[in-house]
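One letter stands for each residue in the lines below.
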Amino acid sequence: MEFQEFEGKTTEAAIENACAHFQVAPEQLEIEIVSVGSGGIFGLGRSKAKIRAALRGEPEESLLPLAQEILEGLIEKMGESAQITAGQEADRINLKIETEDAGLLIGKQGQTLDALQYLVTKILAKKTRRKVRVSIDVEAYRARHHQALAHLALKYGEKVKRSGKPITLDPMNPYDRRIVHLALQGDKDLKTMSRGEGLYKKVVISPVRKRGGQEDAAGPS
Amino acid sequence: MKELVKFIAQALVDNPDQVQVKEIEGEQTSVIELKVAKEDLGKVIGKQGRTARAMRTILSAASTKIRKRAVLEILE
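Basis of the calculations
Residues numbered from 1 in each chain as written. Chains lettered and ligands numbered in written order. Predicted model: local features only at pLDDT ≥ 70, side-chain atom pairs only at ≥ 80, totals over all residues. Heavy atoms only, no water. Contact = heavy atoms within 4.5 Å. Buried area = accessible area lost by both parts, 1.4 Å probe. Salt bridge = Lys/Arg side-chain N within 4 Å of Asp/Glu carboxyl O. Helix = DSSP H or I, 4+ residues; strand = E, 2+ residues; numbered from the N terminus. Buried < 20%, exposed > 50% of the residue type's maximum accessible area, 1.4 Å probe, protein only. Axes fitted to C-alpha atoms, helices over the stretch in contact; angles between N-to-C directions. Parallel < 35°, antiparallel > 145°, perpendicular 65-115°, else oblique. Left-handed = near helix turned anticlockwise from the far one by under 90°. Nonpolar A, V, L, I, M, F, W, Y, C, P; charged D, E, K, R; others polar. Core = buried A, V, L, I, M, F, W, Y, C linked by side-chain atoms within 4.5 Å. 1 Å grid on protein atoms, 1.4 Å probe; cavity = no way out; pocket = protein on both sides within 12 Å on 5 of 7 lines; lining within 4 Å. Points joined across faces, edges and corners; volume = space filled by probe spheres on them.

**Looking at the interface of chain A and chain B**
Interface extent is often summarised as the accessible area lost during association of the parts. Counting residues at the interface gives 22 residues for chain A and 21 residues for chain B. Buried surface at the junction of chain A and chain B, summed over both partners, amounts to about 1,900 Å²; 71% is from carbon and sulfur atoms. The largest share of the area that chain A buries against chain B comes from Lys77, Tyr118 and Lys126 of chain A, three residues that together contribute 30% of it. Taken together, the connections running from chain A to chain B amount to 3 salt bridges. We note a salt bridge from Glu80 of chain A to Lys65 of chain B, for which the minimum N-O separation is 3.2 Å.

In C-alpha coordinates form, the structure reads like this:
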(Lines give C-alpha, C1' and ligand atoms only; values in the text may rest on other atoms or scores of the structure.)
Protein backbone atom coordinates (compact mmCIF):
# COMPACT_ATOMS: atom_id res chain seq x y z
CA MET A 1 0.00 0.00 0.00
CA GLU A 2 1.48 3.30 -1.05
CA PHE A 3 1.02 6.55 0.78
CA GLN A 4 0.82 9.81 -1.08
CA GLU A 5 1.08 13.30 0.29
CA PHE A 6 -1.62 15.91 -0.09
CA GLU A 7 -1.75 19.55 0.85
CA GLY A 8 -4.48 22.02 1.62
CA LYS A 9 -5.20 25.18 3.55
CA THR A 10 -6.54 23.09 6.40
CA THR A 11 -6.36 19.38 7.11
CA GLU A 12 -9.98 19.08 5.99
CA ALA A 13 -9.11 20.63 2.66
CA ALA A 14 -6.14 18.32 2.31
CA ILE A 15 -8.34 15.31 2.99
CA GLU A 16 -10.81 16.55 0.38
CA ASN A 17 -7.98 16.73 -2.11
CA ALA A 18 -6.97 13.19 -1.27
CA CYS A 19 -10.54 11.96 -1.73
CA ALA A 20 -10.75 13.68 -5.07
CA HIS A 21 -7.51 12.05 -6.13
CA PHE A 22 -8.53 8.51 -5.18
CA GLN A 23 -12.19 9.10 -6.09
CA VAL A 24 -13.43 7.64 -2.83
CA ALA A 25 -15.11 8.70 0.40
CA PRO A 26 -12.84 9.71 3.29
CA GLU A 27 -13.82 6.57 5.23
CA GLN A 28 -12.04 4.47 2.67
CA LEU A 29 -8.76 6.24 3.19
CA GLU A 30 -6.05 5.63 5.71
CA ILE A 31 -5.02 9.14 6.73
CA GLU A 32 -2.02 10.37 8.61
CA ILE A 33 -1.65 14.03 9.40
CA VAL A 34 1.85 15.27 8.72
CA SER A 35 1.33 18.88 9.72
CA VAL A 36 -1.80 20.82 10.55
CA GLY A 37 -0.59 24.02 8.98
CA SER A 38 -1.25 27.48 10.33
CA GLY A 39 -2.97 30.59 9.16
CA GLY A 40 -0.09 32.79 10.17
CA ILE A 41 -0.45 36.42 11.13
CA PHE A 42 -1.63 38.80 8.41
CA GLY A 43 -0.68 36.15 5.89
CA LEU A 44 2.84 35.90 7.22
CA GLY A 45 4.28 32.57 8.19
CA ARG A 46 1.34 30.77 6.68
CA SER A 47 1.91 27.10 6.10
CA LYS A 48 -0.20 24.52 4.40
CA ALA A 49 -1.64 21.51 6.10
CA LYS A 50 -0.10 18.30 4.91
CA ILE A 51 -1.48 14.81 5.14
CA ARG A 52 -0.54 11.38 3.90
CA ALA A 53 -3.26 9.17 2.55
CA ALA A 54 -3.59 5.72 1.07
CA LEU A 55 -6.43 3.45 0.11
CA ARG A 56 -7.77 1.14 2.72
CA GLY A 57 -9.15 -2.28 2.14
CA GLU A 58 -6.23 -4.65 1.96
CA PRO A 59 -7.42 -8.03 3.23
CA GLU A 60 -6.54 -8.37 6.88
CA GLU A 61 -5.87 -12.05 6.52
CA SER A 62 -2.63 -11.37 4.76
CA LEU A 63 -1.38 -9.85 8.00
CA LEU A 64 -1.75 -13.00 10.06
CA PRO A 65 1.29 -14.89 8.77
CA LEU A 66 3.34 -11.72 8.96
CA ALA A 67 2.35 -11.03 12.57
CA GLN A 68 3.11 -14.63 13.43
CA GLU A 69 6.47 -14.45 11.73
CA ILE A 70 7.45 -11.29 13.64
CA LEU A 71 6.59 -12.82 16.99
CA GLU A 72 8.36 -16.07 16.12
CA GLY A 73 11.45 -14.11 15.19
CA LEU A 74 11.40 -12.18 18.45
CA ILE A 75 10.96 -15.25 20.62
CA GLU A 76 13.59 -17.17 18.74
CA LYS A 77 16.08 -14.32 19.20
CA MET A 78 15.25 -14.36 22.91
CA GLY A 79 16.50 -17.91 22.95
CA GLU A 80 13.11 -19.43 23.59
CA SER A 81 11.19 -22.00 21.68
CA ALA A 82 7.48 -21.67 21.24
CA GLN A 83 4.56 -22.64 19.08
CA ILE A 84 2.49 -19.77 17.84
CA THR A 85 -0.98 -19.84 16.42
CA ALA A 86 -2.59 -16.82 14.85
CA GLY A 87 -6.25 -16.01 14.65
CA GLN A 88 -8.42 -13.06 13.87
CA GLU A 89 -11.26 -11.47 15.70
CA ALA A 90 -12.95 -8.37 14.28
CA ASP A 91 -10.21 -5.77 13.87
CA ARG A 92 -7.74 -7.58 16.04
CA ILE A 93 -5.09 -10.19 15.48
CA ASN A 94 -4.76 -12.74 18.25
CA LEU A 95 -1.47 -14.54 18.68
CA LYS A 96 -1.29 -17.44 21.08
CA ILE A 97 2.00 -18.67 22.38
CA GLU A 98 2.57 -22.18 23.63
CA THR A 99 5.82 -22.64 25.41
CA GLU A 100 7.42 -24.52 28.28
CA ASP A 101 8.67 -21.36 29.89
CA ALA A 102 5.50 -19.31 30.02
CA GLY A 103 6.58 -17.42 33.14
CA LEU A 104 9.55 -15.94 31.37
CA LEU A 105 7.48 -14.65 28.47
CA ILE A 106 4.80 -13.26 30.78
CA GLY A 107 7.18 -11.49 33.14
CA LYS A 108 6.37 -9.55 36.26
CA GLN A 109 2.73 -8.47 36.07
CA GLY A 110 2.69 -9.39 32.42
CA GLN A 111 5.34 -6.82 31.57
CA THR A 112 7.24 -8.98 29.12
CA LEU A 113 4.05 -10.05 27.41
CA ASP A 114 2.98 -6.41 27.09
CA ALA A 115 6.39 -5.46 25.71
CA LEU A 116 6.19 -8.23 23.12
CA GLN A 117 2.70 -7.18 22.16
CA TYR A 118 3.71 -3.55 21.85
CA LEU A 119 6.74 -4.32 19.70
CA VAL A 120 4.92 -6.74 17.42
CA THR A 121 2.20 -4.12 16.89
CA LYS A 122 4.81 -1.49 16.10
CA ILE A 123 6.81 -3.68 13.74
CA LEU A 124 3.67 -4.81 11.97
CA ALA A 125 2.54 -1.21 11.58
CA LYS A 126 5.93 -0.31 10.21
CA LYS A 127 5.95 -3.16 7.69
CA THR A 128 2.41 -2.75 6.48
CA ARG A 129 1.96 0.98 7.03
CA ARG A 130 -1.28 0.45 8.84
CA LYS A 131 -2.38 0.19 12.39
CA VAL A 132 -3.63 -3.19 13.45
CA ARG A 133 -4.44 -4.24 16.96
CA VAL A 134 -2.48 -7.22 18.06
CA SER A 135 -3.17 -9.20 21.18
CA ILE A 136 -0.64 -11.74 22.42
CA ASP A 137 -1.45 -14.34 25.01
CA VAL A 138 0.39 -17.14 26.75
CA GLU A 139 -1.59 -19.98 28.27
CA ALA A 140 -4.71 -17.87 28.71
CA TYR A 141 -2.76 -15.48 30.93
CA ARG A 142 -4.83 -12.50 29.82
CA ALA A 143 -8.12 -14.09 30.82
CA ARG A 144 -6.73 -15.22 34.17
CA HIS A 145 -5.21 -11.80 34.78
CA HIS A 146 -8.47 -10.09 33.90
CA GLN A 147 -10.35 -12.25 36.38
CA ALA A 148 -7.81 -11.76 39.14
CA LEU A 149 -7.78 -8.01 38.66
CA ALA A 150 -11.56 -7.71 38.61
CA HIS A 151 -11.66 -9.82 41.76
CA LEU A 152 -9.07 -7.55 43.41
CA ALA A 153 -11.06 -4.49 42.41
CA LEU A 154 -14.21 -5.85 44.00
CA LYS A 155 -12.33 -6.82 47.14
CA TYR A 156 -10.89 -3.34 47.55
CA GLY A 157 -14.28 -1.92 46.70
CA GLU A 158 -15.80 -3.72 49.67
CA LYS A 159 -12.98 -2.49 51.87
CA VAL A 160 -13.59 1.10 50.83
CA LYS A 161 -17.28 0.75 51.60
CA ARG A 162 -16.56 -0.67 55.05
CA SER A 163 -14.02 1.93 56.03
CA GLY A 164 -15.44 4.85 54.09
CA LYS A 165 -11.92 5.81 53.09
CA PRO A 166 -10.52 5.89 49.58
CA ILE A 167 -7.88 3.35 48.53
CA THR A 168 -5.20 3.95 45.94
CA LEU A 169 -4.09 0.93 43.93
CA ASP A 170 -0.63 0.32 42.52
CA PRO A 171 0.23 1.96 39.20
CA MET A 172 -1.28 0.11 36.26
CA ASN A 173 -1.25 0.33 32.52
CA PRO A 174 -4.33 1.58 30.64
CA TYR A 175 -5.76 -1.89 29.92
CA ASP A 176 -5.54 -2.94 33.53
CA ARG A 177 -7.05 0.32 34.74
CA ARG A 178 -9.94 -0.19 32.39
CA ILE A 179 -10.60 -3.61 33.93
CA VAL A 180 -10.73 -2.03 37.40
CA HIS A 181 -12.98 0.83 36.29
CA LEU A 182 -15.35 -1.56 34.56
CA ALA A 183 -15.46 -3.97 37.49
CA LEU A 184 -16.69 -1.23 39.80
CA GLN A 185 -18.71 0.72 37.28
CA GLY A 186 -22.06 -0.75 38.35
CA ASP A 187 -21.52 0.04 42.02
CA LYS A 188 -23.41 3.19 42.94
CA ASP A 189 -21.65 3.53 46.28
CA LEU A 190 -18.20 3.72 44.75
CA LYS A 191 -16.41 5.78 42.21
CA THR A 192 -13.10 5.22 40.55
CA MET A 193 -10.67 7.59 38.96
CA SER A 194 -7.20 7.44 37.53
CA ARG A 195 -4.59 9.61 39.04
CA GLY A 196 -1.07 10.46 37.97
CA GLU A 197 0.87 11.16 34.84
CA GLY A 198 2.07 9.07 31.96
CA LEU A 199 1.33 5.53 30.98
CA TYR A 200 1.15 4.03 34.44
CA LYS A 201 -1.45 5.73 36.56
CA LYS A 202 -2.98 4.79 39.86
CA VAL A 203 -6.62 4.02 40.27
CA VAL A 204 -8.27 5.55 43.30
CA ILE A 205 -11.39 3.85 44.58
CA SER A 206 -13.43 6.13 46.79
CA PRO A 207 -16.83 6.06 48.44
CA VAL A 208 -19.46 8.22 46.78
CA ARG A 209 -20.80 10.14 49.77
CA LYS A 210 -17.52 11.31 51.19
CA ARG A 211 -15.43 13.03 48.60
CA GLY A 212 -11.93 11.64 48.49
CA GLY A 213 -9.24 13.95 47.19
CA GLN A 214 -9.41 16.23 44.19
CA GLU A 215 -10.81 14.99 40.95
CA ASP A 216 -7.83 15.90 38.84
CA ALA A 217 -8.15 13.04 36.43
CA ALA A 218 -11.61 11.63 36.56
CA GLY A 219 -13.05 8.75 34.68
CA PRO A 220 -11.49 5.85 32.83
CA SER A 221 -8.54 6.75 30.66
CA MET B 1 21.42 -10.69 23.04
CA LYS B 2 23.03 -8.54 20.42
CA GLU B 3 21.04 -10.27 17.72
CA LEU B 4 17.81 -9.67 19.59
CA VAL B 5 18.36 -5.93 19.80
CA LYS B 6 19.45 -5.81 16.20
CA PHE B 7 16.38 -7.72 15.07
CA ILE B 8 14.01 -5.36 16.86
CA ALA B 9 15.82 -2.16 15.90
CA GLN B 10 16.08 -3.08 12.24
CA ALA B 11 12.40 -3.84 12.08
CA LEU B 12 11.49 -0.43 13.49
CA VAL B 13 13.69 2.00 11.59
CA ASP B 14 13.67 3.47 8.12
CA ASN B 15 17.36 2.77 7.58
CA PRO B 16 18.00 -0.81 8.74
CA ASP B 17 21.44 -0.85 7.17
CA GLN B 18 22.54 1.90 9.54
CA VAL B 19 21.70 -0.05 12.66
CA GLN B 20 24.81 -0.85 14.64
CA VAL B 21 24.81 -2.97 17.75
CA LYS B 22 27.83 -3.51 19.92
CA GLU B 23 27.93 -5.81 22.90
CA ILE B 24 30.41 -5.12 25.66
CA GLU B 25 30.48 -8.24 27.74
CA GLY B 26 31.19 -8.14 31.40
CA GLU B 27 31.37 -10.94 33.88
CA GLN B 28 27.75 -10.60 34.90
CA THR B 29 26.44 -7.63 33.06
CA SER B 30 26.78 -6.87 29.41
CA VAL B 31 26.16 -3.50 27.95
CA ILE B 32 24.51 -3.43 24.56
CA GLU B 33 25.02 -0.28 22.61
CA LEU B 34 22.55 0.55 19.91
CA LYS B 35 23.27 3.11 17.27
CA VAL B 36 20.82 4.12 14.57
CA ALA B 37 20.58 6.83 11.94
CA LYS B 38 19.83 10.21 13.45
CA GLU B 39 16.35 10.42 11.98
CA ASP B 40 15.53 6.98 13.33
CA LEU B 41 16.42 7.79 16.92
CA GLY B 42 12.85 8.63 17.78
CA LYS B 43 11.65 5.31 16.39
CA VAL B 44 13.78 3.22 18.72
CA ILE B 45 12.97 5.41 21.70
CA GLY B 46 9.27 5.86 21.06
CA LYS B 47 6.68 8.06 22.67
CA GLN B 48 7.85 8.77 26.21
CA GLY B 49 10.51 6.12 25.81
CA ARG B 50 7.96 3.37 25.41
CA THR B 51 9.73 1.50 22.66
CA ALA B 52 13.05 1.70 24.46
CA ARG B 53 11.39 0.42 27.59
CA ALA B 54 9.77 -2.47 25.75
CA MET B 55 13.16 -3.42 24.29
CA ARG B 56 14.75 -3.30 27.73
CA THR B 57 11.99 -5.46 29.23
CA ILE B 58 12.42 -8.10 26.56
CA LEU B 59 16.17 -7.93 26.87
CA SER B 60 16.07 -8.53 30.61
CA ALA B 61 13.66 -11.44 30.18
CA ALA B 62 15.97 -13.01 27.62
CA SER B 63 19.06 -12.50 29.75
CA THR B 64 17.63 -13.99 32.94
CA LYS B 65 17.44 -17.22 31.03
CA ILE B 66 21.21 -17.31 30.68
CA ARG B 67 21.64 -15.91 34.20
CA LYS B 68 23.07 -12.62 33.11
CA ARG B 69 22.10 -9.01 33.09
CA ALA B 70 21.97 -6.89 30.01
CA VAL B 71 21.72 -3.15 29.82
CA LEU B 72 20.62 -1.38 26.68
CA GLU B 73 22.19 1.94 25.87
CA ILE B 74 20.90 3.95 22.97
CA LEU B 75 23.68 6.11 21.59
CA GLU B 76 23.02 9.46 20.01
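**Here we look at the pattern of salt bridges**
Per the counting criterion, the structure on display carries 13 salt bridges over all chains. For Glu5 of chain A, the salt bridge identified is with Lys50 of chain A, shortest N-O distance 3.9 Å. A residue pair is termed long-range when its members are at least 10 positions apart, and Glu5 of chain A in strand 1 (residues 4–8) and Lys50 of chain A in strand 3 (residues 49–55) qualify at 45 residues. By relative accessible area, Lys50 of chain A is classed as partly exposed at 27%. Linking Lys68 of chain B and Glu25 of chain B is a salt bridge whose minimum nitrogen-to-oxygen distance equals 3.2 Å. Separated by 43 residues along the polypeptide, Lys68 of chain B in the loop between helix 3 (50–65) and strand 3 (69–75) and Glu25 of chain B in strand 1 (residues 20–25) bring together distant segments of the chain. What you see here is one network of salt bridges that share partners, running through Lys126 of chain A together with Asp14, Asp40 and Lys43 of chain B.

**Brief notes about the packing of helix 4 (residues 111–128) of chain A against helix 3 of chain B**
The contact between helix 4 of chain A and helix 3 of chain B brings their axes to 9 Å, and the two run at 125°. In this view, helix 4 of chain A runs oblique relative to helix 3 of chain B, as classed from their interaxial angle. Crossing of helix 4 of chain A over helix 3 of chain B shows left-handed handedness. Note on element contacts: helix 3 of chain B touches helix 4 of chain A through Arg50, Thr51, Ala54, Met55, Thr57, Ile58 and Ala61 of chain B, opposite Gln111, Thr112, Ala115, Leu116, Tyr118, Leu119 and Lys122 of chain A. The class makeup of the residues in the contact of helix 4 of chain A with helix 3 of chain B is 8 nonpolar, 4 polar and 2 charged.

**Notes on the nonpolar core**
Formed by 53 residues in total, the largest nonpolar core has its most connected members in Leu71, Leu95, Leu119 and Ile136 of chain A together with Leu34 of chain B. In terms of residue count, the dominant contributor to this core is helix 4 of chain A (8 residues). If near-sequence neighbours (up to four positions away) are discounted, Leu95 of chain A is found in contact with Ala67, Gln68, Leu71, Ile84, Thr85, Ala86, Val120, Val134, Ser135, Ile136 and Asp137 of chain A. Residues Leu149, Val160, Met172 and Val203 of chain A belong to the second largest nonpolar core, which totals 13 residues.

**Here we look at the layout of surface pockets**
Residue and element names in this part refer to chain A. By volume, the second largest pocket amounts to about 360 Å³. Lining the second largest pocket are 15 residues, and of these Gln109, Leu149, Asp170, Pro171 and Met172 sit closest to its centre. Of all the elements in the fold, those that place two or more residues in the lining of the second largest pocket are helix 4 and helix 5 (141–163). Sorting elements by how many residues they give to the lining of the second largest pocket places helix 5 first, with 5 residues.

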